[in-house]
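Architecture and fold: a report
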Amino acid sequence: MELSVTDLAVGRGGVPVLAGLSFAVAAGEALVLRGPNGSGKTTLLRCIAGLQEPMAGMVLGAEDRVAYGAHADGLKAALSVAENLEFWAAVFGQSGIEAALGAFDLDGLRARRAGQLSAGQKRRLGLARLMVTGSPVWLLDEPTVSLDAASVALFATAVRAHLEAGGAALVATHIDLGLEARVLDVTPYRARAGAIASSDEAFL
Amino acid sequence: MRALLIRDLRLALRAGGGFGLGLAFFLIVVVLVPFSVGPQTGLLTRIAPGVLWLGALLACLLSLDRLLAVDWEDGALDVLATAPLPLEGVLAVKAAAHWITTGLPLVLAAPLFGVLLNVPAQGYGALVLSLALGTPALSMIGVFGAALTVGIKRGGLLLSLLVLPLYVPTLIFGAEAARRAAEGLDSATPLLFLAGITAGVLATMPFAAALVLRVNLR
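A short tour of the structure in this document, coming up. (Residues numbered from 1 in each chain as written. Chains lettered and ligands numbered in written order. Predicted model: local features only at pLDDT ≥ 70, side-chain atom pairs only at ≥ 80, totals over all residues.)

**Some words on the overall build of chain B**
In terms of regular secondary structure, chain B is built from nine helices and zero strands. Listing the helices and strands of chain B from first to last along the sequence gives α-α-α-α-α-α-α-α-α. For a compact globule of 218 residues, the expected C-alpha radius of gyration is about 17 Å, and chain B comes in at 18 Å, within 12% of that figure. Seen through its principal axes, chain B has C-alpha atoms that stretch 55 × 35 × 30 Å. Across the 218 residues that make up chain B, the buried fraction comes to 48%. Sequence separation of 24 or more characterises 82% of the internal contacts of chain B that already satisfy a separation of 6 or more. (Helix = DSSP H or I, 4+ residues; strand = E, 2+ residues; numbered from the N terminus. Rg over C-alpha atoms; globule rule 2.2 N^0.38 Å. Buried ≥ 20, exposed ≤ 12 C-beta atoms within 10 Å, placed from the backbone. Contact = placed C-beta atoms within 7 Å.)

**Thoughts on the environment of S146 of chain A**
Residue and element names in this part refer to chain A. By the element assignment, S146 lies in the loop between β6 (137-141) and α5 (149-164). Here the alpha-carbon distance between S146 and A119, two residues 27 residues apart in the chain, equals 6.4 Å. In this structure, S146 is in contact with A119, G120 and R123, ignoring residues within four places of it in sequence.

**Considering the interface of chain B and chain A**
Facing the 22 residues of chain B at the interface are 20 residues of chain A. Elements that contribute at least two residues to the side of chain B that touches chain A include exactly α1 (2-13) and α5 (76-82) of chain B. Here the side of chain B that touches chain A takes six residues from α5 of chain B, the largest share from any one element. When its residues are assigned to classes, the side of chain B that touches chain A shows twelve nonpolar, four polar and six charged. (Nonpolar A, V, L, I, M, F, W, Y, C, P; charged D, E, K, R; others polar.)

**A word on the packing of helix α2 (residues 21-37) of chain B against helix α6 (residues 87-116) of chain B**
Residues and elements named next belong to chain B. Relative orientation of the contacting elements α2 and α6 amounts to 20°, with a least axis distance of 10 Å. Put simply, α2 runs roughly parallel to α6. Crossing handedness for the pair α2 and α6: right-handed. Contacts between α2 and α6 involve G22, L23, F26, L27, V30, V31 and P34 from the former and T102, P105, L106, A109, F113 and L116 from the latter. A breakdown of the residues in the contact of α2 with α6 according to their chemical character gives eleven nonpolar, two polar and no charged. (Axes fitted to C-alpha atoms, helices over the stretch in contact; angles between N-to-C directions. Parallel < 35°, antiparallel > 145°, perpendicular 65-115°, else oblique. Left-handed = near helix turned anticlockwise from the far one by under 90°.)

**Some remarks on the nonpolar core**
Counting 129 residues, the largest nonpolar core has A128 and L139 of chain A together with L52, L91 and A147 of chain B as its most contacted members. The residues touching A147 of chain B, leaving out its near neighbours within four places in the chain, are L68, L91, A209, V212, L213 and N216 of chain B. (Core = buried A, V, L, I, M, F, W, Y, C linked by C-beta atoms within 7 Å.)

**Overview of the sheet that holds strand β2 (residues 15-25) of chain A**
Residues and elements named next belong to chain A. Ordered by their spatial adjacency, three strands build an open sheet running β2-β1-β4, and the pairing between neighbours is antiparallel. Lying at the two open borders of the sheet, with one neighbouring strand each, are β2 and β4 (56-60). Direction aside, the axes of adjacent strands within the sheet are offset by 30° on average. Across four bridges, strand β1 (residues 3-12) lies against β4 in antiparallel orientation. Of the residues in β4, the one forming a bridge with V5 is V59. Contacts between helix α1 (residues 41-49) and the sheet are confined to β1, β2 and β4, with β1 contributing the most and set at about 120° to the helix. (Pairing = 2+ DSSP bridges.)

**Brief notes about the environment of V91 of chain A**
Residue and element names in this part refer to chain A. Secondary-structure assignment places V91 in helix α2 (residues 81-91). Judged by C-beta crowding, with 22 C-beta atoms within 10 Å, V91 ranks as buried. Sequence separation between V91 and H71 is 20 residues; the distance between their C-alpha atoms is 20 Å.

Here it is as structure tokens:
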């Protein structure tokens with residue numbers, strides 16, 4: 001039930017960015033990833049989500065159990081808030097979007113088209129998507145971009161509720177969310193430049 | 001899967017979704033051809049099946065570059081790839097949605113447009129049947145091409161170049177079936193070939209498309 005990463009090396013475009021990374025996130029636990037821009041946090045999250053292959057090492061306990069929240073929210077401008085959420089709930093085999101609408105204060109916006117939302121409201125809708133997936137592991141990449149203080153608090157509450165329900169979360173962020181979470185700084189794991197395994201890597 | 005199909009159809013029907021684009025293009029081609037070749041009904045009758053098939057093929061091609069690019073740009077493709085749905089199934093559903101919004105209207109409109117091109121009475125059955133059998137293959141091959149070019153800005157030109165050769169067998173047998181029927185000949189053989197090509201494409205292309213898409217998402 002836990003997510004574990006063993007001796008993981010990840011790269012972007014065939015160039016290694018992080019290497020020798022090992023950690024585990026148990027159920028009910030959150031891990032905050034820190035590191036300067038370009039240090040490989042997004043690449044690490046994409047790798048754990050299964051969107052790209054690790055260059056070395058293993059990821060266990062992630063397949064078909066993750067909800068990935070990236071910089072882009074995956075929203076359709078022409079669909080309403082409720083339609084967007086219902087679609088993602090159905091894709092993940094779940095139903096019921098009321099809890100997610102309530103948790104992110106979107107009740108009053110349910111009939112509004114996603115294209116007419118403000119940046120912060122879009123972000124809240126994108127985060128509400130994580131709740132309707134029912135996935136136990138949340139992978140979050142800068143989840144609080146364009147959120148105001150009240151919305152950050154809503155988000156922290158949602159993460160806490162998710163952890164209490166036995167979920168796990170891996171959050172890459174620069175700000176303090178007020179979560180009781182371990183912090184992992186990825187800077188020491190930066191891969192040495194030039195350690196490219198094969199020049200064909202980007203094409204394979 | 002059904003939710004994905006419904007969402008794609010809904011998006012196509014909403015403003016800016018591009019539903020009717022293929023049909024409008026098809027109509028433009030069919031209306032302009034008689035003007036460009038002149039008032040010779042005999043000549044029109046002879047080239048009508050080929051023109052109708054070519055129009056349908058180009059109309060399909062027109063909407064391909066937005067097929068996956070929209071989902072890629074707003075991040076929905078990443079989420080779909082991490083969802084517990086097989087990516088092959090996702091892409092097959094995308095092709096089905098594309099066919100329903102592009103191919104199916106062309107099939108239904110073909111008899112009407114055939115009148116404009118003076119298609120003889122005995123040719124309509126095979127014309128509609130050949131389009132109904134052939135256009136699903138056009139959509140499925142199109143999804144493969146879209147998966148190949150998904151990360152590329154303005155990938156439409158590359159997509160067209162990659163996809164056109166794959167469209168050739170469908171075009172040859174589809175237009176041949178329609179032509180033979182219009183001339184009062186038996187069109188069973190090209191129709192069977194066309195059905196075979198479509199069946200093969202539908203069976204293999206979802207896997208090829210999913211494979212290249214996984215590479216492109218990295």
